[in-house]
There are 2 protein chains.
Amino acid sequence: MKPYSERTTEELLQEKQELEAKFEDARGKGLKLDMSRGKPSTEQLKISRGILDAIDSTSDLNCASGQDCCNYGLMDGIPEAKQLFADLLEVSPENVIVYGNSSLNIMYDTISRAYTHGILGNTPWCRLDSVKFLCPVPGYDRHFSVTEHFGVEMIHIPMDENGPDMDLVEQYVNRDPAVKGIWCVPKYSNPTGITYSDEVVRRMASLKPAAADFRIYWDNAYAFHHLYDEVQDEIPEILSECAKAGNPDMVYEFCSTSKISFPGGGLAALVSSETNLKEVRAQMTIQTIGHDKLNQLRHVRYFKNAQGVREHMKKHADFMRPKFETVLQVLEKELGGLEIGSWVRPRGGYFISFDALPGCAKAIVAKSKEAGLVLTGAGATYPYGKDPQDSNIRIAPTYPTPEELALAGEIFVLSVKLVSLEKILAERA
Amino acid sequence: MKPYSERTTEELLQEKQELEAKFEDARGKGLKLDMSRGKPSTEQLKISRGILDAIDSTSDLNCASGQDCCNYGLMDGIPEAKQLFADLLEVSPENVIVYGNSSLNIMYDTISRAYTHGILGNTPWCRLDSVKFLCPVPGYDRHFSVTEHFGVEMIHIPMDENGPDMDLVEQYVNRDPAVKGIWCVPKYSNPTGITYSDEVVRRMASLKPAAADFRIYWDNAYAFHHLYDEVQDEIPEILSECAKAGNPDMVYEFCSTSKISFPGGGLAALVSSETNLKEVRAQMTIQTIGHDKLNQLRHVRYFKNAQGVREHMKKHADFMRPKFETVLQVLEKELGGLEIGSWVRPRGGYFISFDALPGCAKAIVAKSKEAGLVLTGAGATYPYGKDPQDSNIRIAPTYPTPEELALAGEIFVLSVKLVSLEKILAERA
């Protein structure tokens, strides 16, 4: 298709008229769809229901160490759950604490602990005038919300297809002692879907931070969330890379089964050096008697081992792959060549990241909403909810049914076209 | 029996010799028992196993509002779980947030939030020079650990059979703006087993705090944990008492099913005014996508309603009552009249509180340990682990088997007698 920018004003006005008619049509279909969050679909979640049968009232409810999972004890997780996460993430069980149901909660608590008590004897952040975090953008809104909540100054780091701009990261981290952390989603990144290159991971592990309490907040949220069997992204294991580079304590890794078993009903884990975990455990002793060991047992009995998880993930992929492809086809078919937006084709994760013409994202999201399609708020993928280009939109294709998704795709591309046209026309006026 | 203090030194030396022989006998039996924490016994927990069958892979997993408990959503709890806690605690569901598995974790997070962000617009505690808490003593060690962790200065408030000394509480709370809270276990208190009188509850609700962010931290941990059918302690509902007294936002109430369903595998709830909960929800939005709704569903489907919980608690009592009575009988039989210790006969809860002669508690705990009986560390029932009288010992009789308990009781009274004798003899020397 001929790019909009190369069409005459008359052609554009003609196109606009046609699009408006189509948009009215689409709006008339009365869609009411929330695509704002990355959620598995209702049908998809049924594949995990067997977990609920893995233990019942007649089961042996002792864990591998012989302790009764019905009673107090084992604050940092049952041995077999630690082992499962260790195998999945290629670390040792000594590097794992199994928590409750939410890795976001672990991240929040990790930041909160640094704020109130400091990391390994360093000054608590609440006593510092300035605490800064590097935020590869576009990124995950809930990461940014946590650091914003604690008054942390967030610095944009541009991302490309290999990950964050490491020149810039090194410049900040190695020079400024106020830089205390970087948020990373290294695999099938939220929202861009890209996976960090080996070189990026190794440069990350080899940072020479000016701050002793600088940490990489490594949210490995989509570690096993491949869409394809044939092409699976892998990244070097970060703990050992950090250790090799002389930075054994420089990373906190987060992981959960929210998008493996049940969102909100799964397990979450913190992975880090034994030194870091010793400090975490000391504080956990104050905070809790431990997490739900019965749910840990239920998960391990069902999945059996890491391979069991990987097999299970293929079933998820079977639900998700066609949805991603539906959206990508609509984008390609309807927007290809128009030069009013770009997107990446992810091989895993939960999102498609769409970059509209600068200044158009908010208007596109608003336009879609007029026709009943709720997208993630424009700007959400940037710290403070402010996308300086007003360009990035996160598309979460997994929750809708195929029928809803077809209509949602139509509404989305119509919104992109209309808003872009208006921008181009306004610039010509 | 004749009080030790009235016996001759010769009689005491004779008694000491006999006790030492008996102690050696008891030690020879090789007991290895940890009675340090209030835990249900393994057998007792089997009564809750039906909960595990309440949902399975074939169940309708939508909650009362029609949402799928397998997916994200409902951050503050499913409607039927809120209703269950509301009915149990005689409040409205709008006053309830259902959390994960641990009320201690809610308490920690509540204190942490006050420390980092302040309560309802008041200065965050981390920015204050002095934050004080009133601590009725003896009390719950984990409460004191939380406030100690955040650098809060803890002030002892003596307890009698009606609860904390309210004259002293009023004096501190109504005059000193640095006093930000009081820890309370109002029913079957940990460890004394006493229940606050109606007058104490009403005076508590009628405080006129000097600090706008003063709150009562009302840990209703044993609300339904009666030992007897015939005599059940009840207390006025604290939220409505506070509201009546013009203090609608003055209380955070905590509750869990840890000792109803499964320790570590149950549900916990925060109960407070809508104004307080609105603030809590705003922060929760940053911290988590919500707690385990499947476990909430499992619990509500099993218990059905508040009456179901109350019936279930009778089964727990059937296990616990004989254990309490065994210990109380040993104390009465072996120590009655000797004037070397006092204790209360609780009607509920998990503990028997024993007051030894001043200066003897640590030695008694150490002596018991020599014979394989681990008790809660002496001092643990006081802030900073320091009992100024070195007198209070918390006995947790629920976990051991009846056989272990008989031997443990023997070791305990022998230890009390020996240590007390030595003290009296030393004073005469």
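Residues numbered from 1 in each chain as written. Chains lettered and ligands numbered in written order. Predicted model: local features only at pLDDT ≥ 70, side-chain atom pairs only at ≥ 80, totals over all residues. Heavy atoms only, no water.

## Focus: the overall build of chain A
Applicable threshold: Helix and strand assignments follow DSSP, with helices taken as H or I runs no shorter than four residues and strands as E runs no shorter than two, numbered in order from the N terminus. We compute the radius of gyration from the C-alpha atoms alone; for a globule the expected value is 2.2 Å times N to the 0.38, where N is the number of residues. Burial classification: accessible surface area is computed with a 1.4 Å probe over protein chains only, and a residue below 20% of its type maximum counts as buried, one above 50% as exposed, and the rest as partly exposed. We call two residues in contact when some of their heavy atoms are within 4.5 Å. Neither His nor the chain termini are counted; the positive set is Lys and Arg, and the negative set is Asp and Glu. A charge is said to be at NZ when it belongs to Lys, at CZ for Arg, at CG for Asp and at CD for Glu.
Assigned secondary structure in chain A consists of 13 helices and 13 strands. Its C-alpha atoms give chain A a radius of gyration of 23 Å, near enough to 22 Å, the size a compact globule of 429 residues would have. Seen through its C-alpha atoms, chain A measures out along the principal axes to roughly 75 × 55 × 35 Å. Counting across all 429 residues of chain A, residues that qualify as buried make up 62%. Across chain A, the fraction of contacts at a sequence separation of at least 24, relative to all contacts at a separation of at least 6, is 76%. Seen as two clouds, the 47 positive and the 60 negative side-chain charges of chain A have centres 3 Å apart.

## A few points about the relation of the copies chain A and chain B
Which entries qualify depends on this criterion: Only residues with pLDDT of at least 70 in both copies contribute their C-alpha atoms to the least-squares superposition of the copies.
Relative to chain B, chain A is turned by 180° and slid 0.0 Å along the rotation axis, the superposed coordinates differing by an RMSD of 0.0 Å. What the superposition gives is, in effect, a two-fold axis relating one chain to the other. Interface overlap between copies: 100% of the residues of chain A at the interface are likewise at the interface in chain B, consistent with a symmetric, same-surface contact.

## Things to note about the packing of aromatic side chains
The description of an aromatic ring pair uses the distance of the two centres, along with the angle that the planes make with each other. Residues and elements named next belong to chain A. Test applied: Each Phe, Tyr or Trp ring, with Trp reduced to its six-membered ring, pairs with another whose centre is within 6.5 Å; inter-plane angles below 30 degrees give stacked pairs, above 60 give edge-to-face pairs, and intermediate values give tilted ones. Any Lys NZ or Arg CZ that is within 6 Å of a ring centre and within 35 degrees of that ring's normal is treated as a charge sitting over the ring.
Throughout the structure, instances matching the rule amount to 26 aromatic pairs over all chains. Within the aromatic cluster, the residues linked to one another by ring pairs are Trp125, Phe133, Trp183, Tyr217, Tyr252 and Phe254. Sitting over the face of the ring of Phe23, Lys367 holds its NZ or CZ atom 4.7 Å from the ring centroid.

## Considerations on the nonpolar core
In plain terms, the rule: Side-chain atoms within 4.5 Å are what join buried Ala, Val, Leu, Ile, Met, Phe, Trp, Tyr and Cys residues into a set we call a nonpolar core.
Core analysis: the biggest nonpolar cluster contains 122 residues, and Met204, Ile216 and Trp218 of chain A together with Met204, Ile216 and Trp218 of chain B have the highest contact counts within it. Beyond its immediate sequence surroundings of up to four residues, Met204 of chain A is in contact with Pro164, Met166, Val169, Ile182, Cys184, Tyr196, Ile216, Trp218 and Met250 of chain A. The next biggest cluster of nonpolar side chains, apart from the first, holds 66 residues, and it includes Ala114, Phe150 and Ile286 of chain A together with Ile286 of chain B.

## Quick notes on the pattern of salt bridges
Convention followed: Here, a salt bridge means any Lys or Arg side-chain nitrogen found within 4 Å of an Asp or Glu carboxyl oxygen.
Here the structure, examined in full by the defined rule, presents 50 salt bridges over all chains. Close ionic contact of Lys16 of chain A with Glu20 of chain A constitutes a salt bridge, the shortest N to O distance being 3.3 Å. Linking Lys16 of chain A with Glu20 of chain A, this pair stays in helix α1 (residues 9-28), spanning four residues, or about one helical turn. When the shortest N-O distance is used, the salt bridge between Lys82 of chain B and Asp76 of chain B registers 3.0 Å. Judged by relative accessible area, which is 15%, Lys82 of chain B ranks as buried. Connected via shared salt-bridge partners are Glu24, Arg27, Lys367 and Glu370 of chain A.

## Notes on the sheet that holds strand β10 (residues 341-343) of chain B
Residue and element names in this part refer to chain B. Note the threshold: For two strands to be treated as a pair, DSSP must find at least two bridges joining them. Working convention: axes come from line fits to C-alpha atoms, limited for helices to the stretch in contact. Angles between N-to-C directions cover 0 to 180 degrees.
Reading across the sheet, the three strands line up as β10-β11-β13 and stay open at both edges, with antiparallel pairing between neighbours. One side of each edge strand has no neighbouring strand; the edge strands of this open sheet are β10 and β13 (392-395). Strand-to-strand twist of the sheet, defined as the mean angle between neighbouring strand axes without regard to direction, takes the value 25°. Sheet analysis places strand β11 (residues 352-356) next to β13, joined by four bridges and oriented antiparallel. Its bridge partner being in β13, Ser353 is matched across the sheet by Arg394. The sheet contacts of helix α11 (residues 306-335) involve β10, β11 and β13, and relative to β11 the element is tilted by about 20°.

## So, unusual backbone geometry
The omega torsion across Val137 of chain B and Pro138 of chain B is -5°, close enough to zero to call that bond cis. Mapping Pro138 of chain B onto the fold places it in the loop between β3 (132-137) and α5 (141-149). In this model, Asn190 of chain B is joined to Pro191 of chain B through a cis peptide bond whose omega is 5°. Along the chain, the position of Pro191 of chain B falls in the loop between β6 (179-184) and α7 (198-205). Phi at Lys304 of chain A is positive, roughly 70°, even though this residue is not glycine.

## What about the sheet that holds strand β2 (residues 96-98) of chain A?
Residues and elements named next belong to chain A. Sheet architecture is open: eight strands sit in the order β2-β9-β8-β7-β6-β3-β4-β5, paired in mixed fashion. Every interior strand has two partners, whereas the edge strands, β2 and β5 (163-164), have only one. Helix-sheet contacts for helix α6 (residues 166-175) involve β3 (132-137), β4 (153-160), β5 and β6 (179-184), and the interaxial angle to β4 is about 155°. The strands touched by helix α9 (residues 274-287) within the sheet are β2, β7 (215-219), β8 (251-256) and β9 (268-271), with β2 carrying the most contacts at an inclination of about 25°.

## A closer look at the interface of chain A and chain B
Heads up, the condition is: Accessible area that two parts lose when put together, with a 1.4 Å probe and added across both, is what the buried area reports. In the analysis that follows, any N or O atom pair within 3.5 Å is treated as a polar contact, provided that within protein one partner can donate a hydrogen and the other can accept it, and provided that, for residues neighboring in sequence, both atoms belong to side chains.
With 56 residues of chain A in contact, the opposing surface of chain B contributes 56 residues. Interface area lost by chain A to chain B is led by Arg49, Tyr72 and Ile286 of chain A, which between them contribute 14%. Counting across the chain A and chain B interface gives zero salt bridges. Put simply, chain A and chain B have 26 residue pairs in polar contact (both at pLDDT 80 or more) between them. The leading source of residues in the side of chain A that touches chain B is helix α4 (residues 103-117) of chain A, at eight residues.

## Overview of the environment of Phe144 of chain A
All names here are of chain A. Position of Phe144 among the secondary structure elements: in helix α5 (residues 141-149). For Phe144, a relative accessible area of 3% gives the class buried. Taking the C-alpha atoms as reference, Phe144 lies 8.5 Å from Thr381; in sequence the two are 237 residues apart. Ignoring sequence-local partners within four residues, the contact set of Phe144 consists of Cys135, Pro136, Val137, Gly139, Met154, Trp183, Ala380, Thr381, Tyr382 and Pro383.

## Re the pairing of strand β8 (residues 251-256) of chain B
Residue and element names in this part refer to chain B. In plain terms, the rule: Place the viewer so that the strands point away; then a crossover is right-handed whenever the path from the first strand over the helix to the second strand goes clockwise.
For β8, a buried count of six out of six residues is recorded, marking the element as mostly surrounded by other parts of the structure. Going residue by residue along β8, you find Val251, Glu253 and Cys255 tucked away on one face and Tyr252, Phe254 and Ser256 tucked away on the opposite face as well. One ladder, built from four bridges, connects strand β7 (residues 215-219) with β8; its direction is parallel. In the sheet register, Tyr217 faces β8, and the bridge partner there is Tyr252. Once you follow β7 into helix α8 (residues 238-244) and on to β8, the crossover reads as right-handed.

## Structural notes on helix α3 (residues 79-89) of chain B
Of all eleven residues in α3 of chain B, eight are buried; the element is thus mostly enclosed. In the segment just after α3 of chain B, Glu90 of chain B is the residue with positive phi, at about 60°.

## Section: the confidence of the model for chain A
Interpreting fine coordinate detail is not advised for predicted regions of low pLDDT. Keep this limit in mind: Confidence scores labelled pLDDT are given residue by residue by the predictor and lie between 0 and 100.
Overall, the predicted model of chain A reaches an average pLDDT of 97, with 100% of residues at or above 70. What the predictor reports for the complex is a pTM of 0.97 with an ipTM of 0.97.

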